[in-house]
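Observations on chain architecture
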Amino acid sequence: MQKTFKLVNKEINKLARVDIRFLFLIGLLIALPAFEALKNIFAFLFVVSWVVVAKKNNYWGGKWRIIDSMFLLWILADIFISINAIITHQLSGDNFRDIIRFVLIGWVLSRTNFSKARLTQSALVALVAVVATLIHSYYTGHGELIELESVGHINHTAIYLVIAYAISLALLLFNFNNLNSYQKITLVVTTIALFFITIDADSRATFGLLITITLLDFLYLFIRVKKLSFVVRFFGV
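The following refers to the structure shown. Fair warning: this is a prediction, and the values are worked out from it, not measured in the lab. (Residues numbered from 1 in each chain as written. Predicted model: local features only at pLDDT ≥ 70, side-chain atom pairs only at ≥ 80, totals over all residues. Heavy atoms only, no water.)

As for the packing of aromatic side chains
The test is simple: Each aromatic pair joins two rings of Phe, Tyr and Trp (for Trp, the six-membered one) with centres within 6.5 Å, and gets the label stacked for planes under 30 degrees apart, edge-to-face for over 60, and tilted for any other angle. Numbering goes from the N terminus for both helices and strands, where a helix is a DSSP run of H or I of at least four residues and a strand is a run of E of at least two. Only protein chains enter the area calculation, which uses a 1.4 Å probe; residues under 20% of their type maximum are buried, those over 50% are exposed, and those in between are partly exposed.
Counted under the stated rule, the structure contains eight aromatic pairs. A centroid spacing of 5.7 Å and a plane angle of 70 degrees characterise the contact between W50 and W60, whose relative ring orientation is edge-to-face. Of this pair, W50 sits in helix α3 (residues 36–57) while W60 sits in the loop between α3 and α4 (66–89), placing them 10 residues apart in sequence. Judged by its relative accessible area of 10%, W50 is buried. Relative to W107, the ring of W64 lies with its centre 6.0 Å away and its plane at 80 degrees, an arrangement referred to as edge-to-face. Of this pair, W64 sits in the loop between α3 and α4 while W107 sits in helix α5 (residues 96–110), and the two are 43 residues apart along the sequence. Among the aromatic residues, those joined into a cluster by ring pairs are W64, F71 and W107.

Here you go:
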């Protein structure tokens with residue numbers, strides 16, 4: 001009986017150490033490209049869980065920074081524009097809620113001190129979720145790329161893919177030494193897949209961004225590696 005109690009207590013302590021904010025963030029990233037309702041639910045839970053944890057620990061992410069002012073001004077500007085749309089142009093102005101929701105997620109994330117390892121894990125989950133959703137997209141479109149359900153129009157989907165590609169390539173090139181084998185393999189696969197699928201989206205603007213991001217990343221890598229090799233030679237290591 002005592003062993004059972006200790007085992008249960010051990011499991012409870014494990015659960016207590018789980019960061020519920022990170023779990024909701026992972027849920028949001030998985031649902032983001034494909035499930036509109038789940039995306040909104042996890043977004044809400046992520047923000048609420050941050051508030052609950054911050055209040056419990058009496059720690060709201062540190063002192064006020066410039067980026068906090070930017071997020072606040074963004075929200076206020078969104079509200080004023082919506083009010084102007086209602087008064088001046090007799091429009092509904094209800095789309096302000098979407099912008100506030102997205103800005104709040106970014107604001108909360110900026111004040112959540114996740115470790116570098118967890119940020120890498122969350123990025124990998126997001127990239128795998130995108131690729132898995134794209135496979136379903138090709139299957140549903142009978143071999144043709146169609147828009148991601150929770151992202152929208154194919155042009156919006158193309159922009160989303162460019163962002164995902166930029167994250168995948170940057171992680172692969174600039175965090176390579178900190179990755180384990182399966183993470184490296186995952187990033188190689190997602191980077192190659194996203195590169196060609198973004199081209200398949202047939203958007204000239206995103207194609208230009210794709211090439212620009214690729215060239216700038218490799219140029220910066222070349223400069224950084226060259227400087228590193230120069231330092232190594234200089235000290236005769």
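So, the packing of helix α2 (residues 20–31) against helix α6 (residues 116–140)
For clarity, the threshold we go by: What counts as an axis is a line fitted to C-alpha atoms, over the stretch in contact for a helix, and the angles between N-to-C directions run from 0 to 180 degrees. Roughly parallel means an angle under 35 degrees; roughly antiparallel means over 145; roughly perpendicular covers 65 to 115; every other angle is labelled oblique. If you view the pair so one helix is near and one far, a crossing is left-handed when the near helix is turned anticlockwise from the far one by less than a right angle, and right-handed when it is turned clockwise. Throughout, a contact is declared for two residues whenever any of their heavy atoms are within 4.5 Å. Any residue that is not Ala, Val, Leu, Ile, Met, Phe, Trp, Tyr, Cys, Pro, Asp, Glu, Lys or Arg is counted as polar, Gly included; the first ten are nonpolar and the last four charged.
Where α2 meets α6, the axes come as close as 8 Å, and the angle between the chain directions of the two elements is 25 degrees. Classed by the angle they form, the pair α2 and α6 counts as roughly parallel. Between α2 and α6 lies a crossing whose hand is right-handed. For the pair α2 and α6, contact is made by F22, L25, I26, L29 and I30 and by R118, Q121, S122, V125, A126 and A129, respectively. Classifying every residue of the contact of α2 with α6 gives eight nonpolar, two polar and one charged.

Section: α6
Short version of the rule: Every helix has an expected span of 1.5 Å times one less than the residues it contains.
Here α6 is 25 residues long and its end C-alpha atoms lie 36 Å apart, about the 36 Å a rise of 1.5 Å per residue gives. Immediately downstream of α6, the backbone of H142 shows phi near 55 degrees, a positive value.

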